[in-house]
Amino acid sequence: MGVIQDLLKDIPVPKMAKVKVNFSDEKIDNLEHALMEKLQQEHIRKTVKPGMEIALAVGSRGLDRLVELTEVTVRFLKELGAKPFIVPSMGSHGGATAEGQREVLAHLGVTEESVGCEIRSSMEVVKIDELPNGLPIYIDKYASEADGIVVINRVKPHTAFRGPVESGIMKMISIGLGKQRGAEACHQLGFKYMAENVPAMAKVIMAKKPVLFGVASVENAFDKVAAVDVLTPAEIIEKEADLQKKAKELLPKLFFDQLDVLVIDEIGKNISGDGMDPNITGRYPTPYASGGPDVNKMVVLSVTPESEGNANGVGTADFTTQRLVDDMDLEGTYANGLTSTVVSPTKIATTLPNDKQAIQAAVKTCNILDFTTVKMVRIKNTLKISEIEVSEALLDYIANHPNMEQVSDLYEINFDENGNLF
């Protein structure tokens, strides 16, 4: 028996019970009608003139009904006689190549056929100015030559910084449209200054280039569109912060102040840019964001196939498994950190041979006297937290919480002959 196995052999894995978590499911059913109503406002219509070539910035991953948001906007622009085309706007994603970014759009369902207009993908950018602190401001070359620019994005809390404006329309303008060089420039001074640099860069771009309007969505806890708005540049500056507040109110959460152990079955770029959403886990890649539970020890067990080996976020955990490490694409993972300048999430957490030992290691090190009283929560990933598993020590808390309900008896966690979860 090895030293590690010997240290962990007597550490108990707690019995767990299933718990249903209730969130607001406010959502827009007829999105086409809701969006078209916003687009048809007179002050929006008059920004569009017949014959205008309009660059439509699209590309943030994981937006609910992105194809519909894009297609309706394209149709609206065409009805007014404009000639819209799509510019992939995703910073350095897609391997920072033109074809890679076109493929990312296709993976999101956005193709020339599905939305009814041409896609012009290039990594070429033009520098249009710089901030007083010296940061250069870039914009996609095709967008820079267009008669107008329209931006589509979801407004949501960022995972690495806090400010009145975080992830949304201004970030899409400053980083998304700036491609790899714009993303690199905005990250250059770190997340400490992102809350001021993102809106500052966006304001310069809106002042110097013909940004017509932004289409902003806000999603509920189940990642469904709960609100949509269409904002001119002046309205973006005035109202995006209010949309941000609404997004934070609707954000799903783990309703615990403190946990001894949090087990996450899978991380991946298709789940969060950080592999797992820090707004859920309470573990942030930088000191410039906060919120969520205080977790003593965190375990991540696998990386999703969709993430293609990019295990960004594994370093935010305390323990992981050999199978996750075996599935890692180190080059892709490290490239993520080199672009964002945040490299702690791309480190490899303490690695155990299997799921059981990784969980046991977390229990052993979570700083409690009686391991049988461990407060442990297990989730599939940070997108799916409407049903979770909790250990026996949390059941009294669950019974008295208005948002949670126990829906099963306690049961043993089942591991296969290799020590991995079924």
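Residues numbered from 1 in each chain as written. Predicted model: local features only at pLDDT ≥ 70, side-chain atom pairs only at ≥ 80, totals over all residues. Heavy atoms only, no water.

## Thoughts on the packing of aromatic side chains
As enumerated under the stated definition, the model contains four aromatic pairs in all. Ring geometry for phenylalanine 23 against phenylalanine 222: centres 6.1 Å apart, planes inclined by 75 degrees, an arrangement best described as edge-to-face. With phenylalanine 23 in the loop between β1 (16-21) and α2 (31-39) and phenylalanine 222 in the loop between β8 (211-219) and β9 (225-231), the pair connects residues that are 199 residues apart, well separated along the chain. Classification of phenylalanine 23 by relative accessible area gives buried; the value is 15%. In this structure phenylalanine 222 comes out as partly exposed when scored by relative accessible area, which is 33%. With 5.8 Å between their ring centres and 25 degrees between their planes, phenylalanine 23 and phenylalanine 255 make a pair best called stacked. Separated by 232 residues along the polypeptide, phenylalanine 23 in the loop between β1 and α2 and phenylalanine 255 in the loop between α11 (233-250) and β10 (258-267) bring together distant segments of the chain. Here phenylalanine 23 matches phenylalanine 255 in class, with each residue buried. One aromatic cluster is present, built from ring pairs that chain together Phe23, Phe222 and Phe255. One residue, arginine 120, lies across the ring of phenylalanine 85, its end atom 3.8 Å from the ring centre. (Phe/Tyr/Trp six-rings, centres within 6.5 Å; stacked < 30°, edge-to-face > 60°. Helix = DSSP H or I, 4+ residues; strand = E, 2+ residues; numbered from the N terminus. Buried < 20%, exposed > 50% of the residue type's maximum accessible area, 1.4 Å probe, protein only. Lys NZ or Arg CZ within 6 Å of the ring centre and 35° of its normal.)

## Some details on the nonpolar core
Inside soluble globular proteins, nonpolar side chains tend to come together where they are buried. If you look at the biggest cluster of nonpolar residues, it comprises 44 residues, and the most contacted ones within it are Val151, Ile173 and Leu177. Among the elements that line this core, the one with the most residues is helix α10 (residues 194-208), at seven residues. (Core = buried A, V, L, I, M, F, W, Y, C linked by side-chain atoms within 4.5 Å.)

## Brief notes about the sheet that holds strand β2 (residues 53-58)
Backbone-to-backbone hydrogen bonds pair the strands of a sheet. The strands run either parallel or antiparallel. Read from one edge to the other, the open sheet built from six strands follows the order β4-β3-β2-β7-β8-β9, with strand pairing classed as mixed. At either margin of the open sheet sits one strand with a lone partner, and together these are β4 (118-119) and β9. Pairing of β2 with strand β7 (residues 148-154), which is carried by four bridges, proceeds in the parallel orientation. Residue pairing in the sheet places isoleucine 54 in a bridge with glycine 148 of β7. Helix-sheet contacts for helix α4 (residues 66-79) involve β2, β3 (83-88), β7, β8 and β9, and the interaxial angle to β2 is about 170 degrees. Strand contacts of helix α5 (residues 98-107): β2, β3 and β4, with the helix running at about 105 degrees to β3, the strand carrying the most contacts. (Pairing = 2+ DSSP bridges. Contact = heavy atoms within 4.5 Å. Axes fitted to C-alpha atoms, helices over the stretch in contact; angles between N-to-C directions.)

Scope: geometric values only; no functional claims are made or implied.
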